[in-house]
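Here are the chains, one letter per residue:
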Amino acid sequence: MKAIIVVALALISSLSCISINSELKSFPGDNVEEITENTVGELNGVRVGVSNILEDTYFLPYNRQLTGMTAQLFVFTDNTDVTVGKGSVITINKSQWEVVKVEKEGNELGCVTFQRVINKE
Amino acid sequence: MKSNFPVTSNGNPAYAQKGDIGAKGPELWAMLIEKAYAISEGGYDEIEGGNPGDAMEILTNKESTTYDPSDYEDAVLLKLLKNFLSKKRAITASSSSSSEKKKQAKNAGVVTGHAYILKSVDLSSKTINLHNPWGSKHLNEFSISKFKKYFYRFQVN
């Protein structure tokens, strides 16, 4: 039974580009990127558009549902939208980026801060 | 104006992107115009956001007229837009950023608080094609009723 659950969780994780992993570790410094709402930035050389920052629910793996500030990301290489919030991790061009902050003040354009994460040795 | 452009950490253009690639290399006119405008306004940060009608006035040297889509019946609006396009007028459209409609607009694929360009009108299907200046995430076959719901103005030059 335990093996079935592990396999099921692995399958769910592999189907989503958002994943969270307790073995991941963030490294502050150079590997921080900010993208302003309604603009296109780059993560690991891949163009990513940020839009629609609003209070909403978002999902982390293992069916964890959270409510908070979310942003819609448009990953140009995948031609897909994904909704993220603080704690989401996206894999882009074999590089993982954690959403560390989603900010918005009133009607001003918001901002999403990403930090590159690498596997803990 | 120097022949260089701001780039990202990966060496790609930071703002407007290269265009179609021909025998002599990529088209750079959009990047050049953007840079000239940024210099005239005091920097790239100074030209972020704003009114797309104003930008079109600068590009076309023609005065911009603003319309509210909700002022028109669907069929009338479609014909009006089609008529402007047939006269080669430049048409920009501004999506609403109102908080009460934002989640619905997001689900409809709209980037809220953003400017689009009208590309075409289909009278029979009552849809329009809106071009996103990102170069992707366009609104194709977008119904005129959704346009009236999620866009608060269009501007014609």
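Sequence order sets the numbering: in each chain, residues are counted from 1 along the sequence as written. Both sets of labels track the order of writing: A upward for chains, 1 upward for ligands. Residues qualify for local features only when their pLDDT is at least 70, as the model is predicted, and side-chain atom pairs are given and counted only at 80 or more; totals for whole chains, interfaces and linings, by contrast, use all residues.

1. Regarding the nonpolar core
To count as a nonpolar core, a set of buried Ala, Val, Leu, Ile, Met, Phe, Trp, Tyr and Cys residues must be joined through C-beta atoms within 7 Å. A residue is called partly exposed when the number of other C-beta atoms within 10 Å of its own lies between 12 and 20, exposed at 12 or fewer, and buried at 20 or more, with C-beta atoms placed from the backbone. Among the nonpolar cores identified, the biggest contains 24 residues, and Leu81(B), Ile91(B), Ala93(B), Leu118(B), Ile128(B), Leu130(B) and Phe147(B) are the most heavily contacted of them. A run of H or I in DSSP counts as a helix once it spans at least four residues, and a run of E counts as a strand once it spans at least two, with each numbered from the N terminus. Sorting the residues of this core by element identifies helix H3 (74-86), strand S4 (91-95), strand S5 (115-122), strand S6 (127-131), strand S7 (139-143), helix H5 (144-150) and strand S8 (151-156) of chain B as the ones contributing at least two each. For every residue pair, C-beta atoms are placed from the backbone, and the pair is scored as a contact if these atoms sit within 7 Å. Once you skip the residues sitting within four places of it in the chain, Leu81(B) turns out to touch Ile91(B), Leu118(B), Val121(B) and Ile128(B). Val40(A), Ile92(A), Trp97(A) and Phe114(A) belong to the second-largest nonpolar core, a separate cluster that totals 22 residues.

2. Observations regarding the domain arrangement of chain B
Once the domains are mapped, chain B shows domain 1 (1-48) and domain 2 (52-156). A domain assignment, automatic or from a database, supplies the domain bounds used here. Taking only C-alpha atoms into account, the centre of domain 1 of chain B sits 26 Å from that of domain 2 of chain B.

3. Focus: helix H4 (residues 99-107) of chain B
Turning to H4(B), its buried residues are Lys102(B), Ala105(B) and Lys106(B). Down the axis of H4(B), the buried set is contained in an arc of 95°. They therefore lie on one face. Across from the buried face of H4(B), at angles greater than 90 degrees, the exposed residues are Glu100(B) and Asn107(B). Packed against the buried residues of H4(B) are strand S4 (46-60) and strand S5 (64-75) of chain A together with S4 and H5 of chain B. Working definition: the arc comes from the directions between the helix axis and the C-beta atoms, pointing outward to the latter.

4. Points about the sheet that holds S5(A)
Remark on secondary structure: sheet strands pair via backbone hydrogen bonds, oriented parallel or antiparallel. If DSSP finds at least two bridges between two strands, the strands pair. In space, the four strands of this open sheet follow the order S3-S4-S5-S6 (chain A), with antiparallel pairing throughout. The sheet is open, and its two edges are formed by strand S3 (39-43) and strand S6 (80-85) of chain A, each paired on a single side. For this sheet, the mean angle separating the axes of adjacent strands, direction not counted, is 45°. The pairing of S5(A) with S6(A) spans six bridges and is classified as antiparallel. Across the sheet, the residue bridging to Leu73(A) is Val82(A), located in S6(A). Sheet strands in contact with H4(B) are S4 and S5 of chain A, and its direction is about 125° off that of S4(A). Simply put, an axis is a line fit to the C-alpha atoms, just over the touching stretch for a helix, and the angle between two N-to-C directions goes from 0 to 180 degrees.

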